[in-house]
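Residues per chain are reported as follows:
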Amino acid sequence: MATIFSRIVAGEIPCHKVAEDEEFFAFLDINPVAKGHTLVIPKKEIDYVFDLEDALLGRMMAFAKRVARAQEAAIPCKRVGIAVMGLEVPHAHIHLIPITKESDMYFGGEKMTITQDELAVVAALIRKAYK
């Protein structure tokens with residue numbers, strides 16, 4: 001059975017795509033902890049990020065770096081934080097979160113309230129800055 005992330009990549013479930021190449025896919029988190037909170041996944045369905053083969057993990061991080069640079073250009077922040085959680089969806093993924101302070105990455109609190117229209121605008125800004 002395909003994960004929700006595989007179904008997003010396949011176009012079965014809509015998302016706010018930020019970037020894509022032949023191996024990886026980046027899209028906005030629908031329950032963000034900060035504006036521009038993006039998930040980066042390999043298209044290959046592997047449960048745990050540290051089960052990725054070394055070369056694939058390296059390429060995923062290089063892809064994530066390009067996405068993070070686009071986030072920095074599009075969203076006012078001091079840095080883009082990175083987190084690996086991976087408990088909710090059994091598909092390897094990393095969180096890229098534009099932050100101005102460390103507490104901006106707190107996952108235990110209330111998530112942002114953001115509309116689909118606002119997500120679409122944020123995704124478009126990041127896509128425009130993605131190189």
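From a predicted model like this one, the values you see are computed outputs, not experimental measurements. (Residues numbered from 1 in each chain as written. Predicted model: local features only at pLDDT ≥ 70, side-chain atom pairs only at ≥ 80, totals over all residues. Heavy atoms only, no water.)

J.: Outline the pattern of salt bridges, listing residues and values.
T.: Using the criterion set out here, one finds six salt bridges in the structure. Of the charged contacts, one joins Glu20 and Lys43 as a salt bridge, the two residues approaching to 2.8 Å between their closest N and O atoms. Linking Glu20 in strand β1 (residues 17-20) with Lys43 in the loop between β3 (38-42) and α2 (54-74), this pair joins segments that are 23 residues apart in sequence. According to the relative accessible area criterion, Glu20 is partly exposed, its value standing at 32%. On the basis of relative accessible area, Lys43 is assigned to the partly exposed category, the value being 24%. (Salt bridge = Lys/Arg side-chain N within 4 Å of Asp/Glu carboxyl O. Helix = DSSP H or I, 4+ residues; strand = E, 2+ residues; numbered from the N terminus. Buried < 20%, exposed > 50% of the residue type's maximum accessible area, 1.4 Å probe, protein only.)

J.: Go over the UniProt feature "domain: HIT" (unreviewed entry) in the chain, please, and point to the residues and values.
T.: Here, UniProt's "domain: HIT" (unreviewed entry) annotation points to residues 4-107. This span, residues 4-107, is 26% helix and 24% strand, and a straight line between its end C-alpha atoms measures 20 Å. (UniProt positions renumbered as here; feature names shortened; annotations may be inferred.)

J.: Could you give me a rundown of the sheet that holds strand β4 (residues 79-83), with the residues and numbers involved?
T.: Spatially, the five strands line up as an open sheet ordered β1-β2-β3-β5-β4, and their pairing is antiparallel. The open sheet has two free edges, formed respectively by β1 and β4, since each of these has just one partner strand. Averaged over all adjacent pairs, the angle separating strand axes in this sheet is 20 degrees, with direction ignored. Relative to β3, strand β2 (residues 24-28) is paired through five bridges, and the arrangement is antiparallel. Bridge pairing in β3 links Leu28 to Thr38. Against the sheet, α2 makes contact with β1, β2, β3, β4 and β5 (94-99), and its axis sits at roughly 25 degrees relative to β5, the strand it touches most. (Pairing = 2+ DSSP bridges. Axes fitted to C-alpha atoms, helices over the stretch in contact; angles between N-to-C directions. Contact = heavy atoms within 4.5 Å.)

J.: Please give an account of helix α3 (residues 116-129) that cites residues and values.
T.: Taking 1.5 Å as the rise per residue, α3 with 14 residues should run 20 Å; its terminal C-alpha atoms sit 20 Å apart, in good agreement. Those residues of α3 that sit buried are Leu119, Val122, Ala123, Ile126 and Ala129. Seen from one end, α3 has its buried residues packed into an arc of 125 degrees, which puts them on one side. Facing away from the buried side of α3 by over 90 degrees, the exposed positions are Asp117, Val121 and Lys128. Where α3 is buried, its residues touch β1, β2, β3 and α2. (Expected span 1.5 Å × (residues − 1). Arc of directions from axis to C-beta.)

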